[in-house]
Amino acid sequence: MFRGLTFVLNAFTLRFVSKEIIGVVNVRLTLLYSTVVFLAREAFRRACLSGSTEQNWTQVINLLWLTVPVGALWSVMLGWVWLCLLEVPDPAGTPHYEVGVLLFGLSAVVELLAEPLWVLAQAHMFVRLKVIAESLSIIVKCLLTVLLVLLVPHWGLYIFSLAQLAYTSFLVLCYVLYFVKFLGSQEAEKSSFPLSRVRDLLPKCTRDKPVVNWRLAKLTWSFFKQSFLKQILTEGERYVMTFLNVLNFGDQGVYDIVNNLGSLVARFIFQPIEESFYIFFAKVLERGKQAKQQNTDDVTMAAAVLECLLKLVLLIGLTITVFGYAYSHLALDIYGGSLLSSGSGPSLLRYYSLYVLLLAVNGVTECFTFAAMSKEQVDRYNFVMLALSASFLSLSYFLTQWQGSVGFILANCLNMTLRIAHSVRYIQGYFSHSSSRPLAGLLPSPALLLVFLGSAGLTALSEVLLCCDSGWISRLVHIAVGAVCLLAVLTTAFFTETKLVHFIRTQYLSRYTKKGM
């Protein structure tokens, strides 16, 4: 519900602001905020959550409060870079940039005020607190953004900066109110919570012990040295856009929105599949042993599941790729109006539809690979991932010089193809001395491929003739053509991919039937 509301409110906001403002907010200012927050707290989080819940929490809380001055220092230094060294947006089209930098930097520091409470909540498995606090804060941010856009649209970056500050402030408030109510309660006493008073959440000296746990402090420093590289690889696209000026602010905004829209498919469809079956493969197979060294029945079952799983995500990915080409323009026009449907937006989403196909296949192949690899093989693969990430950043720069914002998606496609090739090679080697060949039945049936090709041609022709400047009647006819083609795809798949249909029935439908009972 929270995500759906956010999705709708963002679509509404897009109709009242320029794509240049979206680019500055979603790429430039959000990168400042995320960089400050990540560098200030990531190392502390990893160090303080690596121990047990029985550690001295006074020392841990003292250490965690250091995130606030560290964040303030990073905010000042990076704020100066954002104001003095990077290209400044045109004040006529994107007013109040300086105030935006100030407020986004301040919001990062405000969020760090909740860091001791966040770590306490995570260490003691307060999962609902995190979900509810973040969901409510996002809703507050979206509602305030919509309200300001309607009342004072000329405020420009003030709108998004104030909304961001409201988000972090409300997030901190949620954690504070929860712990004020929780500490000293019967629930806290029953769970033997290590703190009993609100003042225990504040930094203080300890008797006969150092102010902080120096082992954790050294561990924090070790993690901190790794955090630079991790942040660069995580936010690589935004750093390339921000520091190398490969795209103007308008193109940055459109790319970021399309990227977020496209990633919804991976987040809601493919990620749950990968997480569920990673657990399955990890339980069925013994890590680090080849197929010939394991129970034959277990290997046969794992191979059969892997084959069906790959076929499933491949067909979902092909469906998204085929129909994404003809319906990208319409989808963006419905979601964001002319801001997204004009210019590079439709082309970006079409290329992203192809990227989703590669993303789907890679998710399952790596899911199996990580479940079957030994610890040493996983460590070696992490170095391969590091090299691929570095090559992705280089490719992004050169391909955007050639193809504009589409270059980022092409670089992602090449990177994902290399990762798939690595995983496929491992899977082939893993089953080389076994009778199972999970990759052999990967291709769809000829009839289904023919229906996919026909659907691609019909929907593309329908888009040319009916979409998207001929009114809603033409659009509805275009949607109807797509619905008929999709029905043809599903019907053909049902009658030709019988093994996959049986897999879906046994793995998914039976599970939901049991839940319903």
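Located above this text is the structure these notes cover.
Residues numbered from 1 in each chain as written. Predicted model: local features only at pLDDT ≥ 70, side-chain atom pairs only at ≥ 80, totals over all residues. Heavy atoms only, no water.

**Observations regarding the overall build of the protein chain**
Per the secondary structure count, the protein chain includes 20 helices and zero strands. In terms of overall size, the protein chain behaves like a compact globule, its C-alpha atoms giving a radius of gyration of 26 Å where 517 residues would be expected to give roughly 24 Å. Seen along its three principal axes, the alpha-carbon backbone of the protein chain occupies a region of about 75 × 65 × 50 Å. Per-residue burial over the protein chain gives 50% buried out of 517 residues. When contacts within the protein chain are restricted to residue pairs at least 6 apart in sequence, long-range pairs at least 24 apart make up 81% of them. (Helix = DSSP H or I, 4+ residues; strand = E, 2+ residues; numbered from the N terminus. Rg over C-alpha atoms; globule rule 2.2 N^0.38 Å. Buried < 20%, exposed > 50% of the residue type's maximum accessible area, 1.4 Å probe, protein only. Contact = heavy atoms within 4.5 Å.)

**Structural notes on the environment of arginine 15**
Locating arginine 15 in the fold gives a position in the loop between helix H1 (2–14) and helix H2 (19–48). A residue is classified by how much of its surface remains accessible, and arginine 15, at 42% relative accessible area, is partly exposed. Arginine 15 sits 216 residues away from glutamine 231 along the chain, and the two C-alpha atoms are 32 Å apart. A polar side-chain atom of arginine 15 sits 2.7 Å from the main-chain carbonyl oxygen of isoleucine 334. (Polar contact = N/O pair within 3.5 Å; in protein donor to acceptor, adjacent residues only side chain to side chain.)

**Focus on helix H19 (residues 472–496)**
When the terminal C-alpha atoms of H19 are compared, their 36 Å separation across 25 residues agrees well with the 36 Å that a helix rising 1.5 Å per residue should span. Of all the positions in H19, only Ser474, Arg475, His478, Gly482, Cys485, Val489, Thr492 and Ala493 are classed as buried. (Expected span 1.5 Å × (residues − 1).)

**As for the packing of aromatic side chains**
Under the definition given, this model contains 28 aromatic pairs. Each ring, one from tyrosine 178 and one from phenylalanine 182, has its centre 5.7 Å from the other, and the planes form 10 degrees; the classification is stacked. Placement of both tyrosine 178 and phenylalanine 182 in helix H8 (residues 157–182) is noted, with a separation of four residues, approximately one turn of the helix. Residue tyrosine 178 is classed as partly exposed on the basis of its relative accessible area of 27%. Given the relative accessible area of 4%, phenylalanine 182 is considered buried. Taken together, the ring pairs in this structure connect Phe277, Phe280, Phe281, Phe368, Tyr426, Tyr430, Phe431 and Phe503 into an aromatic cluster. Cation over ring: arginine 350 sits above tyrosine 325, and NZ or CZ is 5.1 Å from the ring centre. (Phe/Tyr/Trp six-rings, centres within 6.5 Å; stacked < 30°, edge-to-face > 60°. Lys NZ or Arg CZ within 6 Å of the ring centre and 35° of its normal.)

**Focus on the pattern of salt bridges**
In the structure shown here, the tally under the stated rule is twelve salt bridges. Between glutamate 115 and arginine 41 there is a salt bridge whose closest N-O contact spans 4.0 Å. Placement of the pair is glutamate 115 in helix H6 (residues 115–123) and arginine 41 in helix H2, with a sequence separation of 74 residues. For the salt bridge of arginine 45 with glutamate 115, the shortest nitrogen-to-oxygen distance reads 2.5 Å. Of this pair, arginine 45 sits in helix H2 while glutamate 115 sits in helix H6; the two residues are 70 residues apart in sequence, bridging distant segments of the chain. The buried category is assigned to arginine 45, whose relative accessible area is 13%. A single network of salt bridges, built from pairs that share partners, joins Arg41, Arg45, Glu111 and Glu115. (Salt bridge = Lys/Arg side-chain N within 4 Å of Asp/Glu carboxyl O.)

**Let's talk about the nonpolar core**
Within the largest apolar cluster, 152 residues are counted, with the highest numbers of intra-cluster contacts made by Trp82, Tyr175, Phe179, Phe193, Phe281, Phe368 and Phe431. A total of 20 residues in this core trace back to one element, the largest contributor, which is helix H13 (residues 296–336). (Core = buried A, V, L, I, M, F, W, Y, C linked by side-chain atoms within 4.5 Å.)

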